Amino acid sequence: MKFLRSLWEPLVNFVFPPLCRVCEERLSEEGICEVCWEDILKNLLLEPKTFYGFRVYSLFRYGGKVREAIEQMKYGGIRAIAEVFAPSLAELLKEESPDVVVPLPLHPARVRERGFSQTVLLAKLMGRELSVPVKKVIFRRRYTRPQALLSADERSKNVAGAFSCLYRLSGERVVLVDDVITTGNTFYHAASALLSAGAGEVIGATIARGA
Ligand SMILES: [Zn+2]
């Protein structure tokens, strides 16, 4: 098999050369090119920020190549990007000793158009890294309009009461995962739903932070 691969790989690389996952520059091997990495690392954050009383850990400031990488993950369906970031994000959350990882749900229509949910994927990768179970506890009760298109006041109304929990929790420390946090409005309503369902504490984890 190894022999077969050594023959096969150069051929595959010739027909489908490995590209940078962010800017699609040709590379000698799969991954993210140096230029993109440099820009991404310039935006490193690491320290948590409090949103509506909830601690939220983020790896990067949202913008530049970080934004491109997240857009590739969302719209390009590139799982490799999630695989690159999830272990580092999990590392930030280790000190919090969580009991469970919960993805912040996308609207089902958006999962259908993309073919997968990047928050579920991130949650699964983080759960594996933290050795804790991943539970899809929250669901969206109704359609919400994309937050990016709304004013601050409209945003708050848009997501109020949008989330519910499928079952009761019993005091767990929950890590709630999303790709980007901006105003924290959506996060706040989802985290509140978890507390109402019996979570002991809710801590946020996102790849990037817009504010
Ligand atoms: Zn690149």
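Here we summarise the structure given alongside this text. Only a predicted model underlies this, so the values are computations on that prediction, with no experimental measurement involved.

Let's talk about the sheet that holds strand β6 (residues 173-181)
Moving on, step 1. Strand order in the open sheet formed by five strands is β1-β2-β7-β6-β3, and the pairing between neighbours is mixed. Each edge of the sheet is formed by a strand with only one pairing partner; in this case those strands are β1 (49-51) and β3 (100-103). When the angles between neighbouring strand axes are averaged without regard to direction, this sheet yields 30 degrees.
Moving on, step 2. Examined bridge by bridge, β1 and strand β2 (residues 54-61) share three bridges and lie antiparallel to one another.

Overview of the pairing of β3
Moving on, step 1. The side-chain alternation of β3 yields two buried faces, one formed by Val100 and Val102 and the other by Val101 and Pro103.
Moving on, step 2. Where β3 meets β6, four bridges bridge the pair, whose relative direction is parallel. If you follow Val100 over to β6, its bridge partner there is Val174.

Topic: the nonpolar core
Moving on, step 1. Counting residues in hydrophobic clusters, the biggest one holds 55 residues, and the most contacted among them are Val101, Val102, Met126, Leu176, Val177 and Leu194.
Moving on, step 2. With eight residues, helix α4 (residues 79-93) is the largest single contributor of residues to this core.
Moving on, step 3. Contacts of Leu194, omitting those with residues within four sequence positions, involve Val102, Val137, Ile138, Cys165, Leu169, Val174, Leu176, Ala199 and Val202.

Calculation criteria
- Residues numbered from 1 in each chain as written.
- Predicted model: local features only at pLDDT ≥ 70, side-chain atom pairs only at ≥ 80, totals over all residues.
- Pairing = 2+ DSSP bridges.
- Helix = DSSP H or I, 4+ residues; strand = E, 2+ residues; numbered from the N terminus.
- Axes fitted to C-alpha atoms, helices over the stretch in contact; angles between N-to-C directions.
- Buried ≥ 20, exposed ≤ 12 C-beta atoms within 10 Å, placed from the backbone.
- Core = buried A, V, L, I, M, F, W, Y, C linked by C-beta atoms within 7 Å.
- Contact = placed C-beta atoms within 7 Å.

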